[in-house]
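Fold and contact review
Here is how the chains run, residue by residue.
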Amino acid sequence: MSSDDSNNQPQASTSGSGYGEIRASIDVDALEKYLERTLKGVRLPLGVKQFKFGQSNPTYFLTDANNTRYVLRKKPSGALLSKTAHQVEREYTVLHALHQYNLRPTTSSNSRVPVPEPYLLCTDTSVIGTSFYVMQFLDGRIFEDARLLGLPSPKDREECWIAAIRALAALSSIDPADIGLGEYGPPGAYFPRQLRAFSKIAEVQGATRDIDTNEQVHQIPFYESMLRWFQTHLPDESRIGRRIVHGDYKLDNLVFHPTQNVVIGILDWELSTLGSPLADFANLTQPWSIKPEYLPTDGVFRQNVRAFKGLPTNIGTSEENCAPVQIDLLEKEYCRCMNLEYPLKDIVFVKSWMLFRTSIISQGIAARVARRQASSANAAQYSTSVDLFGDLARKVVVDSGEDVEGVNEGAKL
């Protein structure tokens, strides 16, 4: 999610403010008839808007005649490039399991995973053309800028980042089998599985051509050489074991309480599975993997991609060229909550892979733009991030002193 503020000043948006007119069409009449039968308490008619975020699965803001607000997530319309993407059924499954876990009398307040309550899942494609689910709307703050400069003090910024770490640790501490998710992900180690799955996705996406110009979609930089490095530096995942992995755990996928510095909801579970929770930690703390000089000097990425590596901690009230908190503090808190040794082992691999995976995901957005299936208002703009994140992934490895065999400036697949 990106800020739309014309002065490029970082703000915390309310969770119901980032919506507009419908971009991905939806049959509102059919939806109303279905929800009248299946959603307890709903009162027609519905007001329907579309959230500006949601580059993959179209997401809608519903308001009924009682002014009760809901969120609907659906698959994109049309033929899909990947059978493993856009699985809103899996999003509902994990949300339902976590919500039921939170309701247990034996689950302490510190152990609860903050998620919206899922109300219903519809797999009948005759209703609105695709599977969808409806969940609780959470009224709170979503921070679109990792610097959190809109908060009143450095203490608030630190507290929000610590809250994000603790919410993640609550998720990462659950035994999936204990909440009925023991089969939620394939067996075997997570990162080898990720390499296999995303390389296949990249190959399909890379062959996509624009339906009007016939131009091939943008290719991922350093593709072959980076895959070779990942395959020879796989982490030992047995130390933590299989846990629930959100898959896209980052600050703007969290809803914070309107006035308190605590997380009340984790959103966007499309990429969730079972595997190594270090993936989520690396994704959350990604800005500390990037040096400011690695970003373009201007444009959307300079505005929206944060780079905190090597920067001092923000000790003033509006220091823009500082980090909001020390990365050591976040890593130590995560290790404390997870009972892990500090510093985290294998974190260079994980940080690099998460950036490289972002390049592949960005290529997917580019492919959907080429096929006119993009569902984000900024899809065309963000599809150009393929080069940036592929290069950043390589720099994480090189900066750690590792040699990426065969990497050169012209290496692309």
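Definitions and cut-offs
- Residues numbered from 1 in each chain as written.
- Predicted model: local features only at pLDDT ≥ 70, side-chain atom pairs only at ≥ 80, totals over all residues.
- Heavy atoms only, no water.
- Core = buried A, V, L, I, M, F, W, Y, C linked by side-chain atoms within 4.5 Å.
- Buried < 20%, exposed > 50% of the residue type's maximum accessible area, 1.4 Å probe, protein only.
- Helix = DSSP H or I, 4+ residues; strand = E, 2+ residues; numbered from the N terminus.
- Salt bridge = Lys/Arg side-chain N within 4 Å of Asp/Glu carboxyl O.
- pLDDT = per-residue confidence, 0-100.
- Contact = heavy atoms within 4.5 Å.
- Polar contact = N/O pair within 3.5 Å; in protein donor to acceptor, adjacent residues only side chain to side chain.
- Pairing = 2+ DSSP bridges.
- Disulfide = S-S within 2.5 Å.
- Phe/Tyr/Trp six-rings, centres within 6.5 Å; stacked < 30°, edge-to-face > 60°.

Attention now goes to the nonpolar core. Nonpolar side chains tend to gather and get buried jointly when the protein is soluble and globular. Ranked by size, the top nonpolar core spans 94 residues in total, and within it L98, I244 and F356 carry the most contacts. Considering each element in turn, this core owes the most residues, 11 residues, to helix α3 (residues 154-172). Of all hydrophobic cores here, the second largest spans 19 residues; its members include A24, L120, I128 and V134.

The final tally for this structure, using the stated rule, is 16 salt bridges. One salt bridge connects K75 with E89, and the closest N-O pair in it is separated by 3.2 Å. Of the two residues, K75 sits in the loop between β5 (69-74) and α2 (88-103) while E89 sits in helix α2, which places them 14 residues apart along the sequence. Accessibility expressed as a relative area gives 22% for E89, which makes it partly exposed. R336 is paired through a salt bridge with E333; the nearest N and O atoms lie 2.7 Å apart. Placement of the pair is R336 and E333 together in helix α8 (residues 327-338), with a separation of 3 residues, close to one helical turn. Exposure remark for E333: the relative accessible area of 10% places this residue in the buried category. Beyond isolated ion pairs, a larger network of salt bridges with shared partners links R73, E91 and D268.

Further remarks concern the confidence of the model for the protein. In the predicted model, the protein carries a mean pLDDT of 88, and the fraction of residues at 70 or more is 87%. Predicted confidence is poor over residues 1-11, with pLDDT under 50, and the contacts of this stretch with residues over four places away or in other chains come to 22 contacts. The model gives residues 407-413 a pLDDT under 50, and that stretch makes 19 contacts with residues more than four places away or in other chains.

Our next topic: the side chain of T59. Tracing the chain through its elements places T59 in strand β4 (residues 59-63). In terms of polar contacts, T59 uses its side chain to reach the backbone carbonyl oxygen of N57, at 3.0 Å.

Counting buried residues along strand β7 (residues 132-136), 4 of its 5 residues qualify, which places the element largely inside the surrounding structure. In this sheet, β7 lies alongside β5 in antiparallel orientation, the contact comprising 5 bridges. Bridging across to β7, L72 finds its partner in V134.

Next up on the list: the state of the cysteines. The full count for this structure, using the stated rule, is 0 disulfides. This cysteine, C335, is not joined by any disulfide, and C337 carries the nearest cysteine sulfur, 9.5 Å off. Here C335 falls in the buried class, since its relative accessible area comes to 3%.

Here we come to the packing of aromatic side chains. In the structure shown here, the tally under the stated rule is 21 aromatic pairs. Note on W161 and W288: the rings are 4.9 Å apart at their centroids and 85 degrees apart in plane angle, and the pair reads as edge-to-face. Here W161 is found in helix α3, whereas its partner W288 is found in the loop between α6 (278-284) and α7 (300-304), with 127 residues between them in sequence. Three or more aromatic residues joined by ring pairs make a cluster, and in this case those are Y190, F191, F198, Y223, W229, F230, F349, W353 and F356.

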